[in-house]
Amino acid sequence: MDRLTLRRPDDWHLHLRDGEMLRAVTPETARHFGRAIIMPNLVPPVVRGAEAAAYRDRILAAIPESADFKPLMTLYLTEDTDPADLVAAHRDGIITAVKLYPAGATTNSASGVRNFDKVRPVLEAMAEAGIPLCTHGEVVDSHVDIFDREAVFIDTVLDPLRRNTPGLRVVMEHITTSQGVDYARSGGEDLGATITTHHLVINRNAILVGGIKPHYYCLPVAKREEHRLALREAATSGDACFFLGTDSAPHLDHLKENACGCAGCFTATNTMSILAEVFEQDGALDKLEGFASLNGPRFYRLPPNESQIVLEKGAPVDYPAHIDTVEGPVTVFDPMMPLHWRVVE
Ligand code: DOR
Ligand code: ZN
């Protein structure tokens with residue numbers, strides 16, 4: 001098979017930032033994707049409905065005219081979030097979901113949640129209104145090893161939170177472990193999980209062997225090979241609870257190649273080529289459309305995109321090593337393997 005037609009894919013977890021970075025990276029996603037869930041971890045974060053509407057308008061202004069792309073906005077959950085404002089923003093079609101960052105877990109998470117009791121009323125209002133909660137699933141306790149933070153989050157935060165809030169719809173964002181895969185599968189209709197492109201490709205050796213490689217550092221950090229294989233099995237299984245959320249997270253190169261480098265892999269430019277390569281390697285090209293184009297809308301109770309994209313297989317495709325922004329370059333994720341599939345229409 002050397003030609004593949006798919007419903008236009010969506011990205012259920014994406015960072016577009018703001019200002020010059022937003023203008024530089026938005027076309028990279030809008031080229032292939034129909035919709036994306038936009039992360040709210042700006043500085044300051046997107047907390048109220050009116051802020052999400054203003055951010056949406058800035059994104060719309062950055063989309064090339066030729067593109068058919070719709071940003072799906074989120075609010076950043078804080079201990080002071082006003083449930084009435086959040087429910088109204090959802091009712092009015094401004095937001096699609098709400099993002100939970102445990103305070104301190106990742107980039108711009110300082111305004112996140114420390115005490116989960118404080119957000120109980122918001123979570124109950126969300127369960128009532130059917131608003132999905134997207135979770136950054138890592139604990140932040142200094143005594144928990146960084147490679148164990150996802151598994152500990154599932155046991156000590158996520159599972160109790162879901163038991164205490166029946167009906168709350170939850171997305172486990174960017175799962176990186178076999179524990180994440182198993183828990184997502186056990187959760188029924190109200191639980192979904194996104195998987196990034198890069199976590200299907202790299203394990204922790206990519207970051208640490210032969211010198212420290214900041215462009216492979218992201219959060220949750222890539223784990224052992226056995227976990228990468230569990231993610232590959234999940235993504236290519238066809239199970240409806242797993243869908244694509246790239247977590248494409250641009251940082252200027254000088255902020256990643258730094259004594260305290262930022263977390264994030266920028267995969268918007270070559271994600272569809274990488275996914276086609278991965279699914280073909282695993283003999284699962286027939287499952288790519290489910291993962292990238294069908295399972296996400298099904299979880300979010302939205303129709304799949306009407307339009308299609310076409311990929312063709314041929315000589316290896318070269319992607320630019322970086323994209324340029326007014327403030328400097330952003331390195332494009334290097335999958336360390338030749339990519340033979342390219343999006344042609
Ligand atoms: O690698 C990451 N980058 N993980 C996150 O959770 C945040 C993101 C970012 O905003 O840069
Ligand atoms: Zn993210």
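Now for a description of the structure that goes with this document. Bear in mind that the values here come from a model prediction, so they are computed numbers and not experimental data.

Here the bond from Val43 into Pro44 is cis, since omega is -10°, no more than 30 degrees from zero. As for its placement among the helices and strands, Pro44 is situated in the loop between strand E3 (35–38) and helix H2 (49–62). Along the chain, Leu219 connects to Pro220 via a cis peptide bond; the corresponding omega equals -10°. With respect to the helices and strands, the residue Pro220 is situated in the loop between helix H8 (205–208) and helix H9 (225–236). If you check the backbone angles, Arg17 has positive phi at about 60° while not being a glycine. The topology assignment puts Arg17 in the loop between strand E2 (11–14) and helix H1 (19–30). The backbone phi angle of Asp247 is positive, close to 55°, even though this residue is not glycine. Counting through the fold element by element, Asp247 comes out in the loop between strand E9 (242–244) and helix H10 (253–256). Classification of Asp247 as buried rests on a relative accessible area of 7%.

Taken together, the 3 strands give an open sheet; going across it, the order is E1-E10-E13, and neighbouring strands pair in antiparallel fashion. Each edge of the open sheet carries a strand with a single partner, namely strand E1 (3–7) and strand E13 (341–343). Neighbour-to-neighbour, the strand axes of this sheet turn through a mean angle of 25°, independent of strand direction. Where E1 meets strand E10 (residues 308–313), 5 bridges bridge the pair, whose relative direction is antiparallel. Residue Leu4 lies in a different strand from E10, and its bridge partner there is Leu311. Seen against the sheet, helix H11 (residues 271–281) touches E1, E10 and E13 and runs at an angle of roughly 140° to E13.

Definitions and cut-offs
Residues numbered from 1 in each chain as written. Chains lettered and ligands numbered in written order. Predicted model: local features only at pLDDT ≥ 70, side-chain atom pairs only at ≥ 80, totals over all residues. Heavy atoms only, no water. Helix = DSSP H or I, 4+ residues; strand = E, 2+ residues; numbered from the N terminus. Buried < 20%, exposed > 50% of the residue type's maximum accessible area, 1.4 Å probe, protein only. Pairing = 2+ DSSP bridges. Axes fitted to C-alpha atoms, helices over the stretch in contact; angles between N-to-C directions. Contact = heavy atoms within 4.5 Å.

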